[in-house]
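# Structural overview
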Amino acid sequence: MNVILPNKNKKLGILGDGQLAQMLVEAAFELGYDPLVYSSSKEHPASLKTSRIFLGEMKDAEKMSDFFSQVDLVAFENEFLDCELLGEASKNLSVQIYPRLPVIEHLQDKLNQKYLFKTLQMPSSDFVVLNGKDTATLAKLFRNFPEGFVLKWSRMGYDGKGVLILPAGSKAFDEISRFIELGFSRGAEVYAEEKINYVTELALVATRSISGKFVSYPLMISEQENGICKKVFGPAVAFGIPESLQKQATTLALKFANSLEMVGTFAMEFFFTREGDLLLNEVAPRVHNSGHITQDAFAPSQFENHWKALLDRDLSLKNKAPFFGMLNLLGPASAKIQNAKAPEFKEEKLFLHWYDKKELRAFRKMGHINGVADTKNELLEKMKLAQKLDEDWMKSFK
């Protein structure tokens, strides 16, 4: 039997120790809580922000159970979890894990997401599930998707991993076969999606509480580099995205969240097509990179609203700046450096968030710069400056 304690007595836990966990720690502090972090090392980003660390590995059910026995509410930073192990570790304990384990288990599989979009009649690209990697199967894909297609693993794909983009007329059959075989070897299904001819990618971050309260941040434009989010800015409606799509995205987010009784912050990634349509690409059932700008452009941030949702407190949203942008600081392509230093600058309306990672590696997320502005032109200038700071920072490692 699960026991619900008064909010003031809640003991919060965080499963994971990376940068998202680090920002969840900071948000918990802002709300007056001191969370316990389940971490594999005292040197990881979240562990460096608090003395309340529970050392353990993600596959250690006994340690996990001990951790769960010391907290009431648990948040996590990524969905690639062993839900069966978590279920066993939390069995007969009063701990609450949000989103609920069945929701995490369902959404950690991107193919399940595609089926769910179809069931809920949410606009998304056409897809075909692969049963093999023979020549006939591959030839059929090129016939089905003459404009090209994207291969994806159903599991363990993120930041450009588990994704292979094939343009029309591609002859990369060996690369395709290797990709499919590797996906199968990792226990994933592989599916092909129609390659969308889009104008830009968009992201929407929203939060739903235990009792169904809901808030949504504005639709934002998202730009990728090597399959990794590099830049986010908005509001999207100020940069050519129709107001009707903002309303549509918010409606889809609410429909999706209610259908699963989602609890917490989540992000939806969209394509804005050349035909003017909004197509849902993927959903992340957690706080998300595209929502980092909320730390400085909104109150509360996505991280604070996440905790409020888990505590079933009232959700709120106030815009602190009409225009906003975020730039990720990614490791240079060939770099591998210990104790990399953060860029140094003092610039009004630009804010550095550094993750304190010990090693800089190629394309590793090391931090981000948020910018806010009163006008569109001012934001564009701030983002240019952030880009220059990023370029100078990367040159320092060459």
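Residues numbered from 1 in each chain as written. Predicted model: local features only at pLDDT ≥ 70, side-chain atom pairs only at ≥ 80, totals over all residues. Heavy atoms only, no water.

### Observations regarding the pairing of strand 14 (residues 264-273)
Quick note on the threshold: Burial status follows relative accessibility: with a 1.4 Å probe on protein chains alone, a residue under 20% of its type maximum counts as buried, one over 50% as exposed, and anything between as partly exposed. Starting at the N terminus, helices and strands are each numbered in turn, a helix being any DSSP run of H or I of at least four residues and a strand any DSSP run of E of at least two. Between any two strands, at least two bridges found by DSSP are needed for them to pair.
Burial analysis of strand 14 places nine of its ten residues in the buried class, which makes it a mostly covered element. As paired elements, strand 14 and strand 15 (residues 278-284) share six bridges and run antiparallel to each other. Paired with Phe271 across the strands is Leu279, a residue of strand 15.

### Quick look at the pairing of strand 13 (residues 228-234)
Among the seven residues that make up strand 13, seven are buried, leaving the element largely enclosed by the rest of the structure. When strand 12 (residues 220-225) meets strand 13, the two strands line up antiparallel, connected through five bridges. The residue bridging Gln224 from the neighbouring strand is Cys229, located in strand 13. Two strands pair when backbone bridges link them, and strand 13 and strand 18 (residues 323-330) are joined in this way by four bridges, in the antiparallel orientation. Bridging across to strand 18, Gly234 finds its partner in Phe324.

### Notes on the packing of aromatic side chains
Put simply, the rule reads: Only Phe, Tyr and Trp rings take part, Trp by its six-membered ring, and two of them pair if their centres are within 6.5 Å. Stacked means planes under 30 degrees apart, edge-to-face means over 60, and tilted covers everything else.
Under the criterion given, the structure shown has 16 aromatic pairs. With 5.3 Å between their ring centres and 80° between their planes, Tyr217 and Phe298 make a pair best called edge-to-face. Of this pair, Tyr217 sits in the loop between strand 11 (214-216) and strand 12 while Phe298 sits in strand 16 (residues 298-299); the two residues are 81 residues apart in sequence, bridging distant segments of the chain. On the basis of relative accessible area, Phe298 is assigned to the buried category, the value being 3%. Among the aromatic residues, ring-to-ring pairing joins Tyr38, Phe54, Phe67 and Phe68 into one connected group.

### A short note on helix 5 (residues 110-119)
Definition in use: The contact criterion used throughout is that any non-hydrogen atoms of two residues lie within 4.5 Å. N or O atoms closer than or at 3.5 Å make up a polar contact, with two conditions inside protein: a donor-capable atom paired with an acceptor-capable one, and, for residues adjacent in sequence, both atoms drawn from side chains.
Restricting attention to buried positions, one finds in helix 5 the residues Lys110, Leu111, Gln113, Lys114, Leu116 and Phe117. Elements in contact with the buried residues of helix 5: helix 4 (101-107), strand 6 (127-129), strand 7 (148-153), strand 9 (190-194), helix 8 (243-260) and strand 15. With a side-chain oxygen positioned 2.9 Å from the backbone nitrogen of Leu111, the residue opening helix 5 is Asp109.

### Here's the deal with the sheet that holds strand 7
Under the convention used in this document: Fitted lines through C-alpha atoms serve as axes, helices being fitted only where they are in contact, and the angles separating the N-to-C directions of these axes extend from 0 to 180 degrees.
Strand order in this open sheet of four strands is 6-9-7-8, and the pairing throughout is antiparallel. Here the strands that pair on one side only, and so sit at the sheet edges, are strand 6 and strand 8 (163-167). The mean inter-strand angle of the sheet, taken between neighbouring strand axes irrespective of direction, is 20°. The strands that helix 5 touches are strand 6, strand 7 and strand 9; relative to strand 6, the one it contacts most, it runs at about 130°. Taken strand by strand, helix 7 (residues 173-185) contacts strand 7, strand 8 and strand 9, and its axis lies near 25° from that of strand 7.

### Notes on the environment of Leu141
Mapped onto the elements of the fold, Leu141 is located in helix 6 (residues 135-144). By relative accessible area, Leu141 is classed as buried at 2%. The spacing of Leu141 and Glu193 is 52 residues in sequence and 9.4 Å in space, taken between C-alpha atoms. Setting aside its immediate chain neighbours within four residues, Leu141 contacts Val128, Leu130, Phe149, Leu151 and Ala192.

Honestly, that's just the spatial picture; any functional story needs more than this.
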